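# Observations on chain architecture
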Amino acid sequence: MDTLALALIFLFQFNGQSSCQEGTRPNIVMVMSDAFDGRLTFDPGSKVVQLPYINYLRELGSTFLDAYTNSPICCPSRAAMWSGQFVHLSQSWNNFKCLDGNVTTWMDLLEANGYFTKMMGKLDYTSGSHSVSNRVEAWTRDVQFLLRQEGRPVTQLVGNMSTVRIMRKDWENTDKAARWLRQRAASSHKPFALYLGLNLPHPYKTESLGPTAGGSTFLTSPYWLEKVSSDLISVPKWLPVADMHPVDYYSTYTKNCSGAFTEAEVKRIRAFYYAMCAEADAMLGQVISALRETGLLNNTVVIFTADHGELAMEHRQFYKMSMFEGSSHVPLLIMGPEMMSGLQVKQLVSLVDIYPTVLDIAGIPAVLNLSGHSLLPLLSKSTAFSKKERPHWIFSEYHGCNVNASTYMLRSGRWKYIAYADGVSPQLFDLRLDKEELHNVVLRFPHVQAQLDKLLCSIVDYPKVSKAVHIYNKKAFGDWRNSLGRNYSLVIANLRWHVDWQKDALANERAIDKWSLDSTRPDS
């Protein structure tokens, strides 16, 4: 184990003094990163990069081995986490359409029940955010054209071995969080709850592509690259393009990953991504250190998680928006008083479980109509918590850009089932035998597909949801188009897809017109 983490454990065990009287409700601190692959928090993934503070949580807390996002994109995922409801229930369809500003989050309930609360950094769960490009690409995903929506993934090295603070905004927010813990929380007579949202290790905006560019630059310094074990970086296997599922191919093309990549390029992208994860881990460390130095750690529940993962060139893709493990599998580590340490939890869980868990920790009565279930019975040393049987499945869905069909994922035991409406063929992966998810076995196991589809339909009427998304997309796009008036042609031609769009702008406009007026689709 990392020397620094061992030292921190020693300090915690022998120097940590709680400033709260025994029997008081515990404090709650959550650090939520963006695009952190959950498989890096346990072996063998954890060996590829040094993450001492995540290892610290592993040793003194519990690690969930199979934790998933409820939607593999920023805003809908966070909407599920903050509301405790599946995405289709809140109609959080894309990064623009998420929760209303007046939704009751678990942080609201903590404050209403006597907690001193603070939220810092990236929140990103209410409607109206993100770029125009992002929302237009989501609305028009059914249009019959194929346009690259992202910059080709690239790497950028900055600074030298003394360059530590790369993502300055995240560091500023981390510093503020640490100061708040030292100055405000430590002097509070009430239990406190702190949320810190990080942007790392999300790729950076590629400035050379202009003001509408997306985040396709993996950027770090030699200091962080040194934390990565280059000899352990794997080069993922790719299916031949002709064998790709049509939805996966659409994602690969629109993410600008359909061209040639050398093995060295792929390894470099993955190395830079892991280095960015190491920088995010150091920010988590700042928060843990502030808790320890103020004597608050012994009476604080610390949660580390992420909104989704990062494919980092697995399946010939980067970014998220996919149900493949790199994109949908998130970290979830929880440490706190009266919780077991060194535990590796095998039960399937997802981000909607955080809402009831936080309420359980704070002793707040359960809220009705939540999609998740408290994790506390899996973690607590106490027998006071009911050991109710949890569902044997988790559910995730996606309705945004870079994917041309609403996607529904059901994970149960060894199986991952991915279903679509509108006549798109499903996928089935046996994760016990096929960890790389290269073999769609849906035709080999029709009985498994039938059982899982029946279970999925008991959770969500997914053809009905897909139809609702179609209707929303057409209406939202039509309203946006009408709002532009004469400027429509100019604006749409210069969005993130402008390189491909302007090769034949008239044909692309006509394709959108045909889609807008098409009355043969079931959503029309």
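Reading guide: rules and limits
Residues numbered from 1 in each chain as written. Predicted model: local features only at pLDDT ≥ 70, side-chain atom pairs only at ≥ 80, totals over all residues. Heavy atoms only, no water. Helix = DSSP H or I, 4+ residues; strand = E, 2+ residues; numbered from the N terminus. Rg over C-alpha atoms; globule rule 2.2 N^0.38 Å. Contact = heavy atoms within 4.5 Å. Phe/Tyr/Trp six-rings, centres within 6.5 Å; stacked < 30°, edge-to-face > 60°. Buried < 20%, exposed > 50% of the residue type's maximum accessible area, 1.4 Å probe, protein only. Lys NZ or Arg CZ within 6 Å of the ring centre and 35° of its normal. pLDDT = per-residue confidence, 0-100. 1 Å grid on protein atoms, 1.4 Å probe; cavity = no way out; pocket = protein on both sides within 12 Å on 5 of 7 lines; lining within 4 Å. Points joined across faces, edges and corners; volume = space filled by probe spheres on them. Nonpolar A, V, L, I, M, F, W, Y, C, P; charged D, E, K, R; others polar. Polar contact = N/O pair within 3.5 Å; in protein donor to acceptor, adjacent residues only side chain to side chain. Pairing = 2+ DSSP bridges. Axes fitted to C-alpha atoms, helices over the stretch in contact; angles between N-to-C directions. Salt bridge = Lys/Arg side-chain N within 4 Å of Asp/Glu carboxyl O.

Attention now moves to the overall build of the protein chain. Summing up its helical and strand segments, the protein chain has 18 helices and 16 strands in all. Whereas a compact globule of 524 residues would reach a radius of gyration of roughly 24 Å, the protein chain reaches 23 Å, a difference of no more than 12%. Considered along the principal axes of its C-alpha atoms, the protein chain spans approximately 70 × 50 × 50 Å. Taking all contacts inside the protein chain whose residues are at least 6 apart in sequence as the whole, residues at least 24 apart take part in 76%.

Glancing now at the packing of aromatic side chains. All told, the structure shown has 26 aromatic pairs when counted by the stated rule. The interplanar angle of 80° and the centroid separation of 5.6 Å between the aromatic rings of Phe 145 and Trp 497 together place this pair among those described as edge-to-face. Of the two residues, Phe 145 is situated in the loop between α6 (132-139) and β5 (154-157) and Trp 497 in the loop between α16 (488-493) and α17 (498-501); the sequence distance between them amounts to 352 residues. Assessed through its relative accessible area of 13%, Phe 145 is described here as buried. Of note, Arg 152 hangs over the ring of Phe 261, and the distance from its end group to the ring centre comes to 3.8 Å. A cation over an aromatic ring shows up here: Lys 227 above the ring of Tyr 223, its NZ or CZ 4.6 Å from the ring centre.

Below, the discussion takes up the confidence of the model for the protein chain. A residue-level look at the protein chain finds 93% of positions with pLDDT of 70 or above and a mean pLDDT of 93. Confidence over residues 1-23 falls short of pLDDT 50; this stretch has 38 contacts with residues more than four positions distant or in other chains.

Approximately 950 Å³ is the volume attributed to the largest pocket. Forming the boundary of the largest pocket are 32 residues, of which Arg 39, Phe 42, Pro 44, Glu 325 and Lys 435 lie nearest the centre. A per-class count over the lining of the largest pocket returns 12 nonpolar, five polar and 15 charged.

With respect to the helices and strands, Lys 474 occurs in helix α15 (residues 462-484). When its relative accessible area of 17% is taken as the criterion, Lys 474 is described as buried. Reaching out from Lys 474, the side chain makes a polar contact with the backbone oxygen of Asp 518 at a distance of 3.3 Å.

Here the focus is empty space enclosed by the protein. Evaluated as defined, the whole model comprises two cavities of 30 Å³ or more. Here the largest cavity is characterised by a volume of approximately 110 Å³. Contributing to the lining of the largest cavity are 14 residues, with Asp 248, Met 321, Ser 322, Met 323 and Tyr 420 lying nearest its centre. Broken down by secondary-structure element, the contributors of at least two residues to the lining of the largest cavity are α9 (246-254) and β15 (415-420). The element best represented in the lining of the largest cavity is α9, accounting for three residues. Here the residues of the lining of the largest cavity sort into eight nonpolar, five polar and one charged. By volume, the second largest cavity amounts to about 100 Å³. Looking at the second largest cavity, it is lined by 14 residues, and the ones nearest its centre are Ser 350, Asp 353, Ser 371, His 373 and Trp 393. Looking at the lining of the second largest cavity residue by residue, the classes come out as seven nonpolar, five polar and two charged.

Tracing the sequence through the fold places Ile 54 in helix α2 (residues 52-60). When near neighbours in sequence (up to four residues on either side) are disregarded, Ile 54 contacts Phe 36, Thr 41, Asp 281, Leu 284, Phe 304 and Leu 333.

On to the sheet that holds strand β9 (residues 300-306), then. Spatial strand order, β4-β6-β1-β9-β10-β2-β11: seven strands in an open sheet with mixed pairing. Two strands close off the open sheet at either side, each with one partner strand: β4 (116-121) and β11 (343-345). Strand-to-strand, the axes of this sheet are offset by a mean angle of 10°, without reference to chain direction. For strand β1 (residues 27-33) and β9, the ladder comprises seven bridges, and the chain directions are parallel. Note that in β9 the partner of Ser 33 across the bridge is Ala 306. With respect to the sheet, α2 is in contact with β2 (62-64), β9, β10 (332-335) and β11, its orientation differing from that of β10 by roughly 60°. Strands β1, β4 and β6 (192-197) of the sheet are contacted by helix α3 (residues 74-83), whose axis makes an angle of about 170° with β1.

In this section: the pattern of salt bridges. Within the structure shown, the criterion is met by 23 salt bridges. A salt bridge links Lys 416 to Glu 325; the nearest nitrogen and oxygen atoms lie 2.7 Å apart. Note that Lys 416 is positioned in strand β15 and Glu 325 in helix α11 (residues 325-328), a separation of 91 residues in sequence. The exposure class assigned to Lys 416 is buried, which follows from its relative accessible area of 0%. Linked through salt bridges whose partners overlap, the residues forming this network are Asp 34, Arg 78, Lys 122 and Asp 307.

Counting buried residues in helix α12 (residues 354-362) gives eight out of nine residues, a clear majority hidden from the surface. Taken as a whole, α12 has its buried residues at Ile 354, Tyr 355, Pro 356, Thr 357, Val 358, Leu 359, Ile 361 and Ala 362. Directly beyond the C-terminal end of α12, a positive phi value near 70° is found at Gly 363.

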